[in-house]
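Listed below are the residues making up each chain.
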Amino acid sequence: MAELQTRTEPVITVKNMVKKFGGFVANDNLNFEVFKGEIFGFLGANGAGKTTAIKILSGLSIPTSGEIKVAGFDVYTQTELIKRNIGYMSQKFSLYEDLTIKENFRFYAGVYRVPQKEIMPRMMDALAEVGLIKYKDRLISDLPLGWKQKLAFSIATFHNPGIVFLDEPTSGVDPVARRNFWEQIFKTVQKGTTVFVTTHYMDEAEYCNRVSIMDKGKIVALNSPNMLKAAYKVDNMFDLFLKIVR
Amino acid sequence: MNRFKAFVIKEFRHLIRDPRTVFVLFAIPVIQLLLFGFVISTEIKDAKIAILDFSRDDLSEGLVNKILASDYFILETELSNINQIEQAFRSGQVKEVLVIENNFGRNIVHDGAGAVQIITDASDPNIASLLDSYTRNIILDYQQEISNKTQAASTIIDVEYRMFYNEELKSAHLFVPGTMALILMLVCALMTSVSIAREKELGTMEILLVSPLRPLQIVLGKVVPYMVLSFIDMLVIIVIGHFVFGVPVRGATSLLIGTGTLFILLALTLGVMISTISKTQQIAMMISLVGMMLPTVLLSGFIFPLKNMPVVLQAVSLAMPPRWFLQAVKDVMLKGAGIAQIWHYLAIMFGMLLFFIMVSVKKFKIRLD
C-alpha cells in the first residue's frame, strides 16, 4: 500500500487517553491521530485494551481522563453526535437473520435517518456494488457467511459516515472472501471515508496506511507498515508483531 | 421519533416472520381456558357420602334411599353423632355428609316442613359445589313426591348448606383471572426478556447501542409489540370466559381492563429487568419460567388457596405481582367491586411497577459502561 499520504485533517484526535476499571488500567495514556481518508489499523493481542479504546471512540463508554475528539465531537459531552456520524461493524456481522436483506437496510436507514426517498436507490447501488441485487428479498439466515460480511459492511456505511469502525471484520471467513472484503474497504476509502480497523490477520495489517500496535494498555508502535518493518528490521508484519508483543 | 418508528416496525417484522410463536401466544390462552373450564364442569359419579340420620323414620330413610339410588353417591359410612362428621372428612374418603334432623318425618307430616343439612368438603371447591347441587335436586324431587303422596298443600324441606375448609367457595370462577395472570406473564415477561436477550446473543445489541437510538427507545421499542399482543390476549380471555363459561363481569369493564393494563405494564417491566441480567435467550427463558411462571401458578392463590399455605409461603406470596392482580380482578369480576374496594391492590401493583422500572433503568445504565 501507499506510504504516508499527504496528511489531511485529523478526524480522530486522542490525547492522553486513560481508562481505568477500579485499579486496572485498560488504556494507559494513549496518544494518536487518525486522518481523513486513511485506513488505520489498530492491532494488539487479546486483552491489550483495543476493545476498551473502540468503545470510548464510538461513544459507548466515557474515558477516565484525556482529551478525545471523534469526527470533531467531544467523547464526554457529544456522544449522541458522534454516534450519528460513525458507522460500526462487529465481528459477528450482526444482521437480523429473520429479516430480508431489504428489511435490514430499511431498518438501519430508519435508525440513521436516511431520507425516505433515498433509501431504495441507495440500497440498489450498495447491493449492485456487492453483486447481491437479485437476493434483496432473501432472509439473511439463508446467506453464506461471506455475503453477510459484505452486507454488514454495506449497512455500516449506508448512512455515509465520516468514520467507520470495523472490529475484527474478517474473522471466520475464507481467504478469498477476506480479499474481496478488503476490495470493498478500498472502494469506500476512495469516497473519503476513514476506516478504523482491528484485526488479528497480519497480512491485513499490510493493507493499512498506518498501524498502531497495543500491548498491555499502551501503544508501543505507530507508523506505516513499511516504516515499522524497516525500524524493527523484519520482513513481514507477523514477525514485527511477535517482536513487539512479547 | 422516526428512529423509534423504524425500530418498532422492525420488531413487528420479527413477529410476522415467526407466525408460529404468534399463533401459540393466542392458542395457549384459548386452550388453557377451555381445559380449565371443562375440567371444572366435569360430572362426578360415585362420590362417597356419609349419613347422619337422627330421625330414622320412613320419610328420612326414603330420602336416604333416593339419594343412594342415584348414580352420584355411594354410602361410605353411617354416622351416629355429630363428632364423627369431622372424622369422616379427615379420613379423606367422604366428600359429603348429609345430616337429617331429629323427628324429620314427624315434622313434615305435622308442620309440612323438615330440615336437612348438607356438609361438603370444600377443599376441592368445584366438586363440593357440584355435589351440593346434585343433592339439592334430589331433595327437591323428594319434596315433590311427598307432597303428592300426602296430598298436603305444601311440603318444605329446609336445606341448610355448609362447606368445610373453604366456606366462601373461593376459586369457583378463578380460572379466568388465573389464566389471565399466567398468559400475561408469559407474553410480557417471557417474550420481552427473550427478545432483548436475542439481540445480545446475536450481537445486534452492540450495533443498536452504537447507533443513535437511545437505550430507552430500544427498551420501549421491544416492549410495544408485546404490549399490543398481550392486550389482545387479555380481551380474548375475558370474552371467552364470559360468553363460553358464563363467568360474570359484575364490576365495571373499564376497571377490569385498567387493572389488566397495569398488570401488563408490570409484567413487561419484569421482562426488561430479567433481560438486563441474562446474556442469552436460554437464561432469559429459564429465569422467566422458574422465576415468574411457577410463582404465578403456585403462589398467587390461582390454584392453591393462600390461606392453607405455611406462613412463610404466604409471606413470599406478598411479593408476587400476580397475587395482587388476581385479588383485584377477582373482586372486580366476581364481586362487582369498584375502585374504592380495590385501590389498595392497584396501589401495591403501581408501587411494584415503579420499583421495577427504577431497578431496570439502573441495571441498564451499569451495563452500558
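Above this text sits the structure in question.
Right, let's walk through the structure included here. (Residues numbered from 1 in each chain as written. Chains lettered and ligands numbered in written order. Predicted model: local features only at pLDDT ≥ 70, side-chain atom pairs only at ≥ 80, totals over all residues. Heavy atoms only, no water.)

## Description of the overall build of chain A
Next up, step 1: When helices and strands are counted, chain A shows nine helices and 10 strands.
Next up, step 2: In terms of C-alpha radius of gyration, chain A reaches 18 Å, essentially the compact-globule figure of 18 Å for 246 residues.
Next up, step 3: Taken across its 246 residues, chain A has 55% of its residues classed as buried.
Next up, step 4: At a minimum sequence separation of 6, the contacts of chain A that also span at least 24 residues come to 69%.
Next up, step 5: Accessible surface, chain A as shown: approximately 10700 Å² in total, 52% of it carbon and sulfur.
Next up, step 6: Taking the 32 positively charged and 26 negatively charged side chains of chain A as two groups, their mean positions are separated by 3 Å. (Helix = DSSP H or I, 4+ residues; strand = E, 2+ residues; numbered from the N terminus. Rg over C-alpha atoms; globule rule 2.2 N^0.38 Å. Buried < 20%, exposed > 50% of the residue type's maximum accessible area, 1.4 Å probe, protein only. Contact = heavy atoms within 4.5 Å. Areas by Shrake-Rupley, 256 points an atom, 1.4 Å probe, with all protein chains shown as cover. Lys, Arg positive; Asp, Glu negative; His and termini not counted. Charge placed at Lys NZ, Arg CZ, Asp CG, Glu CD.)

## Quick notes on the pairing of strand E2 (residues 24-35) of chain A
Residues and elements named next belong to chain A.
Next up, step 1: Pairing geometry for strand E1 (residues 10-21) and E2, over eight bridges, is antiparallel. Its bridge partner lying in E2, Lys 19 is registered against Asn 27.
Next up, step 2: Joining the antiparallel neighbours E1 and E2 is a turn of two residues, in which Gly 22 adopts a positive phi near 65°. (Pairing = 2+ DSSP bridges.)

## Some remarks on the sheet that holds strand E10 (residues 218-223) of chain A
Residues and elements named next belong to chain A.
Next up, step 1: Spatially, six strands are ordered E6-E7-E8-E3-E9-E10 in an open sheet, and the strand pairing comes out mixed. Across the chains shown, the open sheet's two edge strands, defined by having one partner strand only, are strand E6 (86-89) and E10. The sheet shows a mean angle of 15° between the axes of neighbouring strands, taken without regard to direction.
Next up, step 2: Note that strand E3 (residues 39-44) and strand E9 (residues 210-215) share five bridges and pair parallel. Pairing of Phe 42 across the sheet is with Ser 212, part of E9.
Next up, step 3: Strands E3, E6, strand E7 (163-167) and strand E8 (194-198) of the sheet are contacted by helix H6 (residues 175-190), whose axis makes an angle of about 135° with E3.
Next up, step 4: The strands touched by helix H9 (residues 237-244) within the sheet are E3, E9 and E10, with E9 carrying the most contacts at an inclination of about 30°. (Axes fitted to C-alpha atoms, helices over the stretch in contact; angles between N-to-C directions.)

## Here we look at the nonpolar core
Next up, step 1: With 153 residues, the main nonpolar core has Ile 12 and Phe 196 of chain A as its most contacted residues.
Next up, step 2: It is helix H7 (residues 175-202) of chain B that contributes the most residues to this core, 17 residues altogether.
Next up, step 3: Residue contacts for Ile 12 of chain A: discarding those within four places in its chain leaves Phe 32, Glu 33, Val 34, Leu 57, Lys 69, Val 70, Ile 163, Phe 165 and Phe 196 of chain A. (Core = buried A, V, L, I, M, F, W, Y, C linked by side-chain atoms within 4.5 Å.)

## Some words on the interface of chain B and chain A
Next up, step 1: Taken together, the 27 residues of chain B in the interface contact 26 residues of chain A.
Next up, step 2: Across the chain B-chain A interface, the total number found is three salt bridges.
Next up, step 3: Between Arg 198 of chain B and Asp 98 of chain A there is a salt bridge, with the nearest N and O atoms lying 3.7 Å from each other.
Next up, step 4: Among the elements of the structure, helix H1 (2-17), H7 and helix H8 (204-210) of chain B are those that each provide at least two residues to the side of chain B that touches chain A.
Next up, step 5: The greatest single-element share of the side of chain B that touches chain A, amounting to eight residues, is contributed by H1 of chain B.
Next up, step 6: Among the residues forming the side of chain B that touches chain A, the class breakdown is 11 nonpolar, five polar and 11 charged. (Salt bridge = Lys/Arg side-chain N within 4 Å of Asp/Glu carboxyl O. Nonpolar A, V, L, I, M, F, W, Y, C, P; charged D, E, K, R; others polar.)

## Here we look at the packing of aromatic side chains
Next up, step 1: Under the criterion given, the structure shown has 22 aromatic pairs over all chains.
Next up, step 2: Considering the side-chain rings of Phe 32 of chain A and Phe 196 of chain A, the 6.5 Å spacing of their centres and the 35° angle between planes classify their relative orientation as tilted. Of this pair, Phe 32 of chain A sits in strand E2 while Phe 196 of chain A sits in strand E8, and the two are 164 residues apart along the sequence. Of the two residues, Phe 32 of chain A and Phe 196 of chain A, neither departs from the other in class, the shared state being buried.
Next up, step 3: With centroids separated by 4.2 Å and ring planes inclined at 15°, the aromatic side chains of Phe 263 of chain B and Phe 325 of chain B adopt a geometry described as stacked. Here the residue Phe 263 of chain B occupies a position in helix H10 (residues 253-277), and Phe 325 of chain B occupies one in helix H13 (residues 321-335), the gap between them amounting to 62 residues. Exposure class is identical for Phe 263 of chain B and Phe 325 of chain B. Each is buried.
Next up, step 4: What links up through ring pairs into an aromatic cluster is the set Phe 32, Phe 40, Phe 42, Phe 165 and Phe 196 of chain A.
Next up, step 5: In this structure, Arg 323 of chain B packs its charged tip against the face of Trp 324 of chain B, placed 4.9 Å from the ring centre. (Phe/Tyr/Trp six-rings, centres within 6.5 Å; stacked < 30°, edge-to-face > 60°. Lys NZ or Arg CZ within 6 Å of the ring centre and 35° of its normal.)

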